[in-house]
Amino acid sequence: MKVVNRLLKQTRIPLSLLVLLAPSSLTLADSNEEPGLLLNLEAQTLYDDNIYRTAHKESDDGIFVLKPTVNWHAAHGAHQFNLNYAGDYGRYFEEDDLNYSDHNVAATAKLDHSNRLNTDHAFTYHKGVDKPGSNDATFLPGDSPDKWHTTQLSSKVTYGNTDSHGQLVGQLAYNKERYTNNDANFRDNNELQGTGTFFYRI
């Protein structure tokens, strides 16, 4: 596959909306992050002089991009909880086949069970497309980008604290990736990983 050098010109127009809402039923403990809801919206306009990343007969186009994010943080005692959403919406002025909508949702929980035992849990779901230029594949006019979604789950158990002579950490992670168009499902994969680590301080 050919990697094509190209000039990318872009103009950014930022727009932000910030809102903080503190839940009255949840209190924060030992965290620098205040409980509440944080909303942000970023808008961009971009110009790309070679949207298909071809070596000849380049096509140019403008793109309007919206990137909303939502971040929620809460605590209950020493337990910490986070829920995040990040969107990426792109609309081309002429080449509608390249329009995209990416969604990324993540949730985490940090549980403080005792002075020595802590667990961390995470879930992530990401739905997106392979945009032109994101890999070495050459796009042709009329082609649709590959669409995919991934699901990730992980849990970590930590026994021992920073003052202990020894600390034991075990982690289990699972990742699933699926492609949904262009007969690209041969790229589907599942991955399961387990790790164990023992720390000892002399």
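In case you missed it, the structure is sitting above this.
Now for a look at the structure at hand. (Residues numbered from 1 in each chain as written. Predicted model: local features only at pLDDT ≥ 70, side-chain atom pairs only at ≥ 80, totals over all residues. Heavy atoms only, no water.)

Right, let's get into a nonpolar patch on the surface. Side chains of Phe123, Leu153, Leu172, Tyr174 and Leu192 sit close together on the surface and give an oily, nonpolar patch of about 470 Å² of accessible area. Along the chain, the position of Tyr174 falls in strand S8 (residues 166–179). (Patch = residues over 30% accessible without salt bridge, like charges linked within 9 Å, V, L, I, M, F, W, Y side chains within 5 Å. Areas by Shrake-Rupley, 256 points an atom, 1.4 Å probe, with all protein chains shown as cover. Salt bridge = Lys/Arg side-chain N within 4 Å of Asp/Glu carboxyl O. Helix = DSSP H or I, 4+ residues; strand = E, 2+ residues; numbered from the N terminus.)

Counting through the fold element by element, Gly142 comes out in the loop between strand S6 (117–129) and strand S7 (147–159). The sequence separation of Gly142 and Asp96 amounts to 46 residues, and the corresponding C-alpha distance is 9.1 Å. When near neighbours in sequence (up to four residues on either side) are disregarded, Gly142 contacts Tyr52 and Asp97. (Contact = heavy atoms within 4.5 Å.)

Let us look at the packing of aromatic side chains. Taken as a whole, this structure holds one aromatic pair when the rule is applied. Where Phe198 meets Tyr200, the ring centres are 6.5 Å apart and the plane angle is 20 degrees; that geometry is what we call stacked. Of the two residues, Phe198 and Tyr200, neither departs from the other in class, the shared state being exposed. (Phe/Tyr/Trp six-rings, centres within 6.5 Å; stacked < 30°, edge-to-face > 60°. Buried < 20%, exposed > 50% of the residue type's maximum accessible area, 1.4 Å probe, protein only.)

This next bit is on the pairing of S8. Relative to S8, S7 runs antiparallel, the two sharing 12 bridges. Bridging across to S8, Leu153 finds its partner in Tyr174. The loop that links S7 with its antiparallel partner S8 comprises six residues; one of these, Gly160, has a positive phi angle of about 110 degrees. Examined bridge by bridge, S8 and strand S9 (residues 189–200) share 12 bridges and lie antiparallel to one another. Looking at S9, one finds that Gln167 is bridged to Phe199. (Pairing = 2+ DSSP bridges.)

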